[in-house]
Amino acid sequence: MGFRPSLGNSDFRDLRRSGHGYIDKSRFIEDVIDDCGRILLFPRPRRFGKTLNLSMLRYFYEKSDEDRTDLFSDLEVWRSETARAHFQRHPVLWITFKDVKFS
């Protein structure tokens, strides 16, 4: 079948469970853990995957009764014991303005 990208899908869980292609950017989670800054800024051009990456962070860190192991078990981040120690253990406040349009 090959690589099937999902254009416009910015929800990490939906993307991974839909069977569409995903380029593994999960090393980003380790980079966030290793960063000593008090504030992290993610400036990127439009259509660069900001919302998808932040969604990935949310599903990795967020406390939940839902077991999300399937989303990450075959990704690079899962090989890191340091990262897995944070898996689904933190409260997450999720706000997105992605779909807000100025009228």
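Position numbers for residues start from 1 in each chain and track the written sequence from start to end. It should be noted that, the model being predicted, local features are given only for residues of pLDDT at least 70 and side-chain atom pairs only at 80 or more, the latter also being counted only at that level, while totals for whole chains, interfaces and linings use all residues. Side-chain measures here rest on the full set of heavy atoms in the structure, leaving out hydrogens and waters.

Enquirer: Sorry if this is basic, but what is going on with the overall build of the protein chain here?
Expert: Put simply, DSSP H or I for four residues or longer makes a helix, DSSP E for two residues or longer makes a strand, and each gets a number counted from the N terminus. Secondary structure assignment for the protein chain yields five helices and zero strands. Start at the N end of the protein chain and walk to the C end: the helices and strands fall as α-α-α-α-α. A compact globule built from 103 residues should have a C-alpha radius of gyration of about 13 Å, and the protein chain, at 14 Å, falls within 12% of that. Counting every position in the protein chain, which comprises 103 residues, the buried fraction comes to 30%. Accessible area of the protein chain: about 7,600 Å², with a carbon and sulfur share of 53%. Computation of the radius of gyration draws on C-alpha atoms alone. For the globule rule, the value is 2.2 Å times the number of residues to the power 0.38. Working definition: with a 1.4 Å probe on protein chains only, accessible area under 20% of the residue-type maximum means buried, over 50% means exposed, and in between means partly exposed. Note that accessible areas follow from Shrake-Rupley with a 1.4 Å probe, and for residues the cover is restricted to the protein chains shown.

Enquirer: Any chance you could explain the pattern of salt bridges here in plain terms?
Expert: Oppositely charged side chains are able to pair whenever their charged atoms sit close together. The salt bridge definition used is simple: a Lys or Arg side-chain nitrogen within 4 Å of an Asp or Glu carboxyl oxygen. Applying the stated criterion across every chain, the model contains nine salt bridges. Between R17 and D70 there is a salt bridge, and its shortest N-O distance comes to 3.0 Å. On the criterion of sequence distance, the pair formed by R17 in helix α1 (residues 12-18) and D70 in helix α4 (residues 69-72) is long-range, its members being 53 residues apart. With a relative accessible area of 41%, R17 lands in the partly exposed category. The exposure class assigned to D70 is partly exposed, which follows from its relative accessible area of 43%. A salt bridge links D31 to R27, with the shortest nitrogen-to-oxygen separation between them at 3.4 Å. Of this pair, D31 and R27 both sit in helix α2 (residues 27-34), four residues apart, roughly one helical turn.

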